[in-house]
Amino acid sequence: MDNKKKTSQSVIRLGTHGENYGSWMSKPVFYMMGGFTLAAIILTVLSFAVFHITALGIIFIVVSAALLAFIGWMLWIRRQYAFGGGGMMDKVHRTMLSLLDYDGNGTLLEVGCGSGPLSIRAALTWKQTKVVGIDCWGTMWDYSKQLCEKNAASEGVASSIWICAENTRKFGLRS
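What you are looking at is a predicted structure, and each value in this text was computed from that prediction instead of being measured.

Visitor: Please clarify how the overall build of the protein should be interpreted in this entry.
Guide: Per the secondary structure count, the protein includes six helices and three strands. From first element to last, N terminus to C terminus, the protein shows the α and β order α-α-α-α-β-α-β-α-β. Counting all 175 residues of the protein, 37% fall into the buried class. Put simply, of all contacts in the protein between residues at least 6 apart along the chain, 67% involve residues at least 24 apart. Accessible area for the protein stands at about 10400 Å²; split by element, carbon and sulfur atoms hold 64% of it.

Visitor: Even after reading the chapter, I still don't get helix α3 (residues 54-81), so can you show me in this structure?
Guide: Residues three or four positions apart in an α-helix share a direction because the helix packs 3.6 residues into each turn. In this model α3 runs 41 Å from its N-terminal to its C-terminal C-alpha over 28 residues, within 8% of the 40 Å that 1.5 Å per residue would give. For α3, the set of buried residues is Gly57, Phe60, Ser64, Leu67, Ile71, Met74 and Ile77. Of the surrounding elements, those touching the buried residues of α3 are α2 (27-49).

Visitor: Looking at this model, I keep getting lost on helix α4 (residues 88-99). Mind explaining?
Guide: Helix length check: α4 (twelve residues) gives 17 Å between terminal C-alpha atoms against 16 Å at 1.5 Å per residue, within 8%. Residues of α4 that are buried include every one of Asp90, His93, Leu97 and Ser98, and no others. Taken around the axis of α4, the buried residues stretch over an arc of 130°, which confines them to a single face.

Visitor: What is the right way to read the environment of threonine 95 from this model?
Guide: Within the secondary structure, threonine 95 is located in helix α4. The exposure class of threonine 95 is partly exposed, given its relative accessible area of 42%. A distance of 2.9 Å separates the side chain of threonine 95 from the backbone oxygen of lysine 91, its partner in a polar contact.

Visitor: Sorry if this is basic, but what is going on with the side chain of serine 119 here?
Guide: Positionally, serine 119 belongs in helix α5 (residues 117-125). Beyond its immediate stretch of four places on either side in the chain, serine 119 contacts Glu110, Cys113, Val131, Gly133 and Ile161.

Visitor: Would you take a moment to explain the pattern of salt bridges for this structure?
Guide: Tallied over the full model, the rule gives two salt bridges. A salt bridge links arginine 94 to aspartate 90; the shortest N-O distance between them is 3.1 Å. Taken together, the positions of arginine 94 and aspartate 90, both in helix α4 and four residues apart, correspond to about one turn of that helix. Note on arginine 94: relative accessible area 22%, which makes it partly exposed. In this structure aspartate 90 comes out as buried when scored by relative accessible area, which is 14%. In this structure, aspartate 90 and arginine 121 form a salt bridge, with 2.1 Å as the shortest nitrogen-oxygen distance. Of this pair, aspartate 90 sits in helix α4 while arginine 121 is found in helix α5, placing the two residues 31 residues apart along the sequence.

Cut-offs and rules
- Residues numbered from 1 in each chain as written.
- Predicted model: local features only at pLDDT ≥ 70, side-chain atom pairs only at ≥ 80, totals over all residues.
- Heavy atoms only, no water.
- Helix = DSSP H or I, 4+ residues; strand = E, 2+ residues; numbered from the N terminus.
- Buried < 20%, exposed > 50% of the residue type's maximum accessible area, 1.4 Å probe, protein only.
- Contact = heavy atoms within 4.5 Å.
- Areas by Shrake-Rupley, 256 points an atom, 1.4 Å probe, with all protein chains shown as cover.
- Expected span 1.5 Å × (residues − 1).
- Arc of directions from axis to C-beta.
- Polar contact = N/O pair within 3.5 Å; in protein donor to acceptor, adjacent residues only side chain to side chain.
- Salt bridge = Lys/Arg side-chain N within 4 Å of Asp/Glu carboxyl O.

Here you go:
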């Protein structure tokens, strides 16, 4: 990576103006795992208190403990990838852009832009570049075209980024 790009990447701090970049692990995943864990705990109690089957109760205790440990791991990973947390996503984006053989002139396309952090970082890195972000946002994610545009405006690059929403209806999703 050339020194100019390295310097410009090191001074970019996304998410410092109140932007919402969300998380790669959606809330419904946590709700689903929480539901499974609650069901396993209820089955544990029923196994001991109602059915009086000790072996089954022990199995459900192990399952409940494993699910709780998995939820804890998911929370830790989610925090590591958060822009305001461990910053892993920030590091991934810096690496991706540093590996591009790009001189900063022209247009960049990001397919699957989510909440827009990589597109925004590219626009901040190469001021003269036009960045196009496209995504097919579904209801499972907290991302939308409006969120991308809001994040870009908050980071000061709204004029450099064009966000395009794919027609989600053909995929059976709502935008």
